[in-house]
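# Observations on the three-dimensional arrangement
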Amino acid sequence: MHGSDAFDAAASFRPEANDRPTRIRVDLDALSHNFHALQAHAGVPVMGIVKANAYGHGLVPVARHLQAQGIGQLGVALVEEGIALRRAGVTVPILVMGGIHAPQVGQFLACDLEVTVSSIAKLRQVEQAAASLGRQAVIHLKVDTGMERIGVHSENAGPLIEAAVASRWCTVKGIYSHLACSDDPASPMTHEQRHRFLDACRHFDRIGAPMPLRHLANSGGVLHFPDTCLDMVRPGIALYGVMPDPASRATVALKPALSLVSQVVYFKVVKAGRTVSYGATWTAPADTRVVTVPIGYGDGYPRSLSSRGEVLVRGQRRPIIGRVCMDQFMVDLGPGGTAYNEDEVVLIGAQGDDAISCEAVAHAAGTIPYEILTGLNARIPREYIGGASSGGPAA
Ligand SMILES: *Cc1c(COP(=O)(O)O)cnc(C)c1O
């Protein structure tokens, strides 16, 4: 290729049109279904949790879709996530659930983000920033009822509540806590946490202040403990149609929103006795028909699925053989199995009559579905189907 040809090819390449055959497909209709089903089941408004790139589903497209569906509140972990949503034109109230860093408090107020306040010292930082900007801060108080993460211990919540209610610069919109064991319907911990939380909330009555929104339930709470739903619920993983834990019960019919697909990029016959991939950990017991799939741990597909994971090719479940590489892995097509270049390979999702769930992938990888979803990184293009605007790959 001449230099000028290469230049022309580069000039006509549109990086925004990512045609990589490996992609995440997000079904926005499944997302709407889960949102409305969870809200109906809980009987109170849903705060849609979209932290960590909306559990891998794409922060901005998911938030925009939930906003179009009429959601009244979103929750993120980091102020940076909240800022990204505001920059994308998302206007619904957004709570940042993580702990605040003093130098960042001004950013919350400038971007109209709701702040988590977990101590009197933090309350003072928020007040100071609000006073200097001349803007009222909207806050949710964070009470620790058993996570020992952020939050004032519930038995010491009284003084924080009093100071927040008295604050000239803060509006107390909510009070919340986080459940440690709600994914297990049999755990007694959740009842204990609920009692501690409600005890702390009673301080508002004691000082004659209006009760703010009390929210406690994550996905496990909504699915298993109806009495934790209180005034608002905060489902994350269930919103995406995935169960928090193998012990969880499907008390709400949810639809998985995410599929992870790729395409066959190479076919070969591996001779008996030859080994496959790094470390030569898998040896062909006989001449074996093998395809290569162009996705690896560099995309967030776990290396722990080496010789443990399965994929769907031509409607058949096929094992991953040898180590998952950074960008590729190999699959055994079985005796007589066929596949051609560009054939679809499903890593998560349905093909033909079969499906591989995110939960099953997590189990095979020795982790939880949360880690699988949030690990799928920006190298994989996301494509959105259903919803108001269907089709088309999006960044
Ligand atoms: C992540 C998170 C949630 C959502 O948890 P799921 O188990 O995904 O439903 C709710 N509340 C807080 C404070 C969180 O950090």
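Residues numbered from 1 in each chain as written. Predicted model: local features only at pLDDT ≥ 70, side-chain atom pairs only at ≥ 80, totals over all residues. Heavy atoms only, no water.

Looking now at the overall build of the protein chain. Along its length, the protein chain carries 12 helices and 21 strands. By principal-axis analysis of the C-alpha atoms, the protein chain measures approximately 80 × 60 × 40 Å. In the protein chain, which comprises 395 residues, the proportion classed as buried is 50%. Considering only contacts in the protein chain between residues 6 or more positions apart, those separated by 24 or more positions represent 66%. (Helix = DSSP H or I, 4+ residues; strand = E, 2+ residues; numbered from the N terminus. Buried < 20%, exposed > 50% of the residue type's maximum accessible area, 1.4 Å probe, protein only. Contact = heavy atoms within 4.5 Å.)

A few words now on the domain arrangement of the protein chain. Segmenting the protein chain into domains produces domain 1 (28–240) and domain 2 (258–379). Taking only C-alpha atoms into account, the centre of domain 1 sits 38 Å from that of domain 2. Facing 5 residues of domain 1, the contacting portion of domain 2 comprises 5 residues. Of the roughly 570 Å² buried between domain 1 and domain 2, counting both surfaces, carbon and sulfur atoms make up 73%. (Domains from an automatic or database assignment. Buried area = accessible area lost by both parts, 1.4 Å probe.)

With that settled, the discussion passes to the nonpolar core. One finds Val50, Leu74, Ile139, Leu141, Tyr301 and Phe329 to be the most contacted residues of the largest nonpolar core, which totals 113 residues. A total of 6 residues in this core trace back to one element, the largest contributor, which is helix 2 (residues 28–42). Those residues within four positions of Val50 in sequence are excluded, and the remaining contacts are Leu59, Val62, Leu66, Leu74, Gly75, Val76, Leu85 and Tyr240. Listed in part, the 7 residues of the second largest apolar core include Val276, Trp282, Ala284 and Met330. (Core = buried A, V, L, I, M, F, W, Y, C linked by side-chain atoms within 4.5 Å.)

Here the focus is the side chain of Asp332. Inspection of the secondary structure puts Asp332 in strand 17 (residues 329–332). Arg318 provides the closest opposite charge to the buried, salt-bridge-free Asp332, at an N-O distance of 6.7 Å. Looking at Asp332, its side chain comes within polar contact range of the main-chain nitrogen of Gly334, at 2.7 Å. Residue contacts for Asp332: discarding those within four places in its chain leaves Trp282, Thr288, Arg289, Arg318, Pro319 and Ile321. (Lys, Arg positive; Asp, Glu negative; His and termini not counted. Salt bridge = Lys/Arg side-chain N within 4 Å of Asp/Glu carboxyl O. Polar contact = N/O pair within 3.5 Å; in protein donor to acceptor, adjacent residues only side chain to side chain.)

Its 15 residues place the ends of helix 2 21 Å apart at the C-alpha level, agreeing with the 21 Å of an ideal helix rising 1.5 Å per residue. What helix 2 keeps buried is the set Leu28, Ala30, Leu31, Ser32, Asn34, Phe35, Ala37, Leu38 and Ala42. Of the surrounding secondary structure, the elements contacted by the buried residues of helix 2 are strand 1 (23–27), helix 4 (59–68), helix 10 (219–224) and strand 20 (382–385). Where helix 2 begins, the capping side chain belongs to Asp27, and its oxygen is found 2.9 Å from the backbone nitrogen of Asp29. Phi for Gly43, located one or two positions after helix 2, is positive at around 75°. (Expected span 1.5 Å × (residues − 1).)

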